[in-house]
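# Results of the structural survey
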Amino acid sequence: MRWLYESVYRGTERPRRYDGAVDFVADFNRFKHVGALNDTAEVYTKTVYVSLLKRAIRVVMLKFINGDKYSHVLPAVFDSPELDAMTWITYYKSMF
(Lines give C-alpha, C1' and ligand atoms only; values in the text may rest on other atoms or scores of the structure.)
Protein backbone atom coordinates (compact mmCIF):
# COMPACT_ATOMS: atom_id res chain seq x y z
CA MET A 1 0.00 0.00 0.00
CA ARG A 2 1.15 3.51 -0.74
CA TRP A 3 0.09 6.94 0.45
CA LEU A 4 -1.47 9.14 -2.21
CA TYR A 5 0.42 12.39 -2.78
CA GLU A 6 -1.73 15.27 -1.50
CA SER A 7 0.49 18.35 -1.87
CA VAL A 8 0.07 21.10 -4.42
CA TYR A 9 1.49 20.55 -7.90
CA ARG A 10 4.40 22.92 -8.51
CA GLY A 11 4.17 22.76 -12.30
CA THR A 12 7.81 22.03 -13.04
CA GLU A 13 7.90 18.24 -13.40
CA ARG A 14 5.60 15.30 -13.80
CA PRO A 15 3.01 15.29 -10.98
CA ARG A 16 3.73 12.90 -8.14
CA ARG A 17 1.17 10.19 -7.51
CA TYR A 18 2.46 8.46 -4.38
CA ASP A 19 4.11 9.59 -1.18
CA GLY A 20 5.85 6.47 0.11
CA ALA A 21 4.84 3.15 1.58
CA VAL A 22 2.23 2.86 4.31
CA ASP A 23 3.53 2.10 7.80
CA PHE A 24 0.57 1.91 10.15
CA VAL A 25 2.59 2.50 13.31
CA ALA A 26 5.07 5.17 12.22
CA ASP A 27 2.67 7.18 10.00
CA PHE A 28 -0.31 7.09 12.33
CA ASN A 29 -0.74 10.88 12.20
CA ARG A 30 -1.74 10.70 8.51
CA PHE A 31 -5.00 8.96 9.33
CA LYS A 32 -8.15 11.02 9.87
CA HIS A 33 -9.86 10.54 13.22
CA VAL A 34 -13.53 9.70 12.60
CA GLY A 35 -14.84 9.03 16.09
CA ALA A 36 -14.81 6.73 19.08
CA LEU A 37 -16.74 3.48 19.41
CA ASN A 38 -16.36 3.38 23.18
CA ASP A 39 -13.82 4.39 25.82
CA THR A 40 -11.14 2.04 24.52
CA ALA A 41 -11.61 2.04 20.71
CA GLU A 42 -11.19 4.87 18.21
CA VAL A 43 -11.87 4.80 14.46
CA TYR A 44 -9.51 6.24 11.84
CA THR A 45 -9.69 6.26 8.04
CA LYS A 46 -7.54 7.19 5.04
CA THR A 47 -7.49 6.62 1.29
CA VAL A 48 -4.43 4.70 0.08
CA TYR A 49 -3.33 3.14 -3.20
CA VAL A 50 -3.03 -0.63 -3.40
CA SER A 51 -0.78 -1.72 -6.25
CA LEU A 52 -2.13 -5.27 -6.24
CA LEU A 53 -5.65 -3.99 -6.95
CA LYS A 54 -4.40 -1.05 -9.06
CA ARG A 55 -6.81 1.37 -7.41
CA ALA A 56 -7.21 3.72 -4.50
CA ILE A 57 -9.22 2.29 -1.63
CA ARG A 58 -10.27 3.56 1.77
CA VAL A 59 -8.84 1.84 4.82
CA VAL A 60 -10.64 1.89 8.17
CA MET A 61 -8.50 1.26 11.23
CA LEU A 62 -9.53 0.60 14.82
CA LYS A 63 -7.10 1.74 17.49
CA PHE A 64 -7.52 0.10 20.88
CA ILE A 65 -6.23 1.84 24.00
CA ASN A 66 -5.45 -0.29 27.03
CA GLY A 67 -3.81 1.89 29.67
CA ASP A 68 -0.57 3.10 28.12
CA LYS A 69 -0.50 0.41 25.39
CA TYR A 70 -1.94 0.78 21.89
CA SER A 71 -2.93 -1.82 19.35
CA HIS A 72 -4.60 -1.52 15.97
CA VAL A 73 -6.56 -3.71 13.59
CA LEU A 74 -7.71 -3.17 10.00
CA PRO A 75 -11.15 -4.75 9.84
CA ALA A 76 -12.32 -2.88 6.76
CA VAL A 77 -10.81 -2.11 3.41
CA PHE A 78 -13.41 -0.98 0.92
CA ASP A 79 -14.07 1.03 -2.18
CA SER A 80 -17.57 2.31 -1.38
CA PRO A 81 -17.63 6.13 -1.22
CA GLU A 82 -21.22 6.33 0.00
CA LEU A 83 -20.51 4.52 3.29
CA ASP A 84 -18.72 6.42 6.02
CA ALA A 85 -16.30 4.69 8.36
CA MET A 86 -18.59 4.53 11.42
CA THR A 87 -21.40 2.91 9.40
CA TRP A 88 -18.99 0.37 7.99
CA ILE A 89 -17.73 -0.51 11.47
CA THR A 90 -21.29 -1.08 12.73
CA TYR A 91 -21.94 -3.37 9.76
CA TYR A 92 -18.71 -5.21 10.45
CA LYS A 93 -19.54 -5.65 14.13
CA SER A 94 -22.98 -7.05 13.25
CA MET A 95 -21.37 -9.81 11.14
CA PHE A 96 -19.54 -11.28 14.14
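Look above for the structure.
What comes next is a walk through the structure. (Residues numbered from 1 in each chain as written. Predicted model: local features only at pLDDT ≥ 70, side-chain atom pairs only at ≥ 80, totals over all residues. Heavy atoms only, no water.)

Here the focus is unusual backbone geometry. A positive phi angle, near 55°, is found at Lys54, a position not held by glycine. In this structure, Lys54 sits in the loop between strand S4 (41-50) and strand S5 (55-66). (Helix = DSSP H or I, 4+ residues; strand = E, 2+ residues; numbered from the N terminus.)

So, on to the layout of surface pockets. Reported here for the largest pocket is a volume of approximately 170 Å³. Taken together, Tyr5, Ser7, Val8, Tyr9, Arg10, Gly11, Thr12, Glu13, Arg14, Pro15 and Arg16 make up the full set of residues lining the largest pocket. In the lining of the largest pocket, the residues fall into four nonpolar, three polar and four charged. (1 Å grid on protein atoms, 1.4 Å probe; cavity = no way out; pocket = protein on both sides within 12 Å on 5 of 7 lines; lining within 4 Å. Points joined across faces, edges and corners; volume = space filled by probe spheres on them. Nonpolar A, V, L, I, M, F, W, Y, C, P; charged D, E, K, R; others polar.)

Moving on, we get to the nonpolar core. Of all hydrophobic cores here, the largest spans 10 residues; its members are Trp3, Val22, Phe24, Phe31, Tyr44, Val48, Val50, Ile57, Val59 and Met61. Looking at this core, the elements with two or more residues in it are S4 and S5. Those residues within four positions of Val50 in sequence are excluded, and the remaining contacts are Met1, Arg55 and Ile57. (Core = buried A, V, L, I, M, F, W, Y, C linked by side-chain atoms within 4.5 Å. Buried < 20%, exposed > 50% of the residue type's maximum accessible area, 1.4 Å probe, protein only. Contact = heavy atoms within 4.5 Å.)

Relative to S4, strand S3 (residues 32-36) runs antiparallel, the two being bridged by four bridges. Considered in S4, the bridge of Gly35 is made with Val43. The turn joining S3 and S4, which pair antiparallel and follow one another in sequence, is formed by four residues. (Pairing = 2+ DSSP bridges.)

A few words on the pattern of salt bridges. Using the criterion set out here, one finds two salt bridges in the structure. Put simply, Glu6 and Lys46 hold a salt bridge, and the shortest N to O gap is 2.8 Å. Note that Glu6 is positioned in the loop between strand S1 (2-4) and strand S2 (18-21) and Lys46 in strand S4, a separation of 40 residues in sequence. Residue classification places Glu6 among the exposed residues on the basis of a relative accessible area of 58%. You can call Lys46 buried: its relative accessible area is 16%. Of the charged contacts in the structure, one is a salt bridge between Arg30 and Asp19, with a shortest N-O distance of 3.2 Å. Remark: Asp19 occurs in strand S2 and Arg30 occurs in the loop between S2 and S3; sequence separation between them is 11 residues. (Salt bridge = Lys/Arg side-chain N within 4 Å of Asp/Glu carboxyl O.)

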